[in-house]
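# Residue-level structural notes
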Amino acid sequence: QVQLVESGGGLVQAGGSLRLSCAASGRSFSSNAMGWFRQAPGKEREFVAAISWSGAITYYADSVKGRFTISRDNAKNTVYLQMNSLKPEDTAVYYCAADYRRTIPTTIRADFGAWGRGTQVTVSS
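Note that this is a predicted model, so its numbers are computed, not measured.

Considering all chains together, one arrives at one disulfide under this definition. The residue that forms a disulfide with Cys 22 is Cys 96, at a sulfur-sulfur distance of 2.0 Å. As the torsion about the S-S bond is roughly -75°, the Cys 22-Cys 96 disulfide counts as left-handed. On the criterion of sequence distance, the pair formed by Cys 22 in strand β3 (residues 18–25) and Cys 96 in strand β9 (residues 92–99) is long-range, its members being 74 residues apart. On the basis of relative accessible area, Cys 96 is assigned to the buried category, the value being 0%.

A few words now on the side chain of Arg 67. Along the chain, Arg 67 turns up in the loop between β6 (58–60) and β7 (68–73). Using a relative accessible area of 11% as the deciding quantity, one classes Arg 67 as buried. In this structure the side chain of Arg 67 is engaged in a polar contact, spanning 2.8 Å, whose partner is the backbone oxygen of Ser 63. Here Arg 67 is in contact with Gln 82, Met 83, Asn 84, Ser 85, Leu 86, Lys 87 and Asp 90, once residues within four sequence places are set aside.

Quick notes on the rules
- Residues numbered from 1 in each chain as written.
- Predicted model: local features only at pLDDT ≥ 70, side-chain atom pairs only at ≥ 80, totals over all residues.
- Heavy atoms only, no water.
- Disulfide = S-S within 2.5 Å.
- Helix = DSSP H or I, 4+ residues; strand = E, 2+ residues; numbered from the N terminus.
- Buried < 20%, exposed > 50% of the residue type's maximum accessible area, 1.4 Å probe, protein only.
- Polar contact = N/O pair within 3.5 Å; in protein donor to acceptor, adjacent residues only side chain to side chain.
- Contact = heavy atoms within 4.5 Å.

From the geometry alone we can't say anything about function, so treat these as descriptive.
Shown next as structure tokens:
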């Protein structure tokens, strides 16, 4: 059974940093595009960042560009999201996702077919 498990969330003060990890099990995602999305209370789940199978291509939402960095270690079947200069508006549940069909990612939620259960990130002001 395919599983994506996020970790690394928590409570941090504004301006701080967190590093999220997403470990995949059940199959290898080393040839698949991967992404991070987030959902704040009362809001739709939104795109945050995505990465190609090799890590050579990355996309970011404008709201996180310059502050967040997505990376991957295919040998460990793991994707990371380094989050710096965190703001209260970054507070959300962060979800890892895999695109079964593409090696180059899109930013469209519906293109990602596998999802983790999410990890809570709370940024206090």
